[in-house]
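Chain by chain, the residues run as shown.
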Amino acid sequence: MPDRIMTVNAFTTLDLLDGVAEGHGFEEEAMAIVNVSTPRSDPDHVELQLELDNTDLDRLEAHADSVTLSAAQARTLANELLECAETVESAQQS
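Residues numbered from 1 in each chain as written. Predicted model: local features only at pLDDT ≥ 70, side-chain atom pairs only at ≥ 80, totals over all residues. Heavy atoms only, no water.

**Student:** Would you mind going over the sheet that holds strand 2 (residues 26–37) in detail, with residue names and values included?
**Tutor:** An order of 1-2-3-4 is seen for the 4 strands of this open sheet, with the pairing classed as antiparallel. Only two strands of the sheet have a single neighbouring strand rather than two, namely strand 1 (14–23) and strand 4 (64–69). For this sheet the average axis-to-axis angle between neighbouring strands, irrespective of direction, equals 30 degrees. When strand 2 meets strand 3 (residues 46–52), the two strands line up antiparallel, connected through 6 bridges. Paired with serine 37 across the strands is glutamate 47, a residue of strand 3. (Pairing = 2+ DSSP bridges. Helix = DSSP H or I, 4+ residues; strand = E, 2+ residues; numbered from the N terminus. Axes fitted to C-alpha atoms, helices over the stretch in contact; angles between N-to-C directions.)

Have a look at this one:
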């Protein structure tokens, strides 16, 4: 991802995922990076970031999306992810 917005290094949460950007009348697929972090000093929130490799996109400018989560919201998201992961694992075992 040569023109990336996010810093990608050994500490990035997940990189080289399959990503999709959907808009009105279009859908584009590209490699993606997801990162979860907190501020280094006095952490007061969790930040979730997503960036698609803009070299694979035709309709979108280079950009990264992020949301700021409270500790409770981060836990809610984590619980939903765990439940979905269990659903996928159960389906693959049957």
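**Student:** Run through the side chain of asparagine 54, naming residues and quoting values.
**Tutor:** Secondary-structure assignment places asparagine 54 in the loop between strand 3 and strand 4. In this structure, asparagine 54 is in contact with Asp3 and Ala62, ignoring residues within four places of it in sequence. (Contact = heavy atoms within 4.5 Å.)

**Student:** For the nonpolar core, give the residues involved together with the corresponding values.
**Tutor:** The biggest cluster of nonpolar side chains holds 5 residues, and these are Ala21, Ala30, Ala32, Leu52 and Leu57. Those residues in contact with alanine 21, other than ones at most four positions away along the chain, are Phe26, Glu27, Glu28, Leu52 and Leu60. (Core = buried A, V, L, I, M, F, W, Y, C linked by side-chain atoms within 4.5 Å. Buried < 20%, exposed > 50% of the residue type's maximum accessible area, 1.4 Å probe, protein only.)

**Student:** Any chance you could break down unusual backbone geometry for me, citing the residues and the numbers?
**Tutor:** One non-glycine residue, leucine 16, adopts positive backbone phi at about 60 degrees. Within the secondary structure, leucine 16 is located in strand 1. Phi at aspartate 42 is positive, roughly 50 degrees, even though this residue is not glycine.

Geometry only, nothing functional implied.
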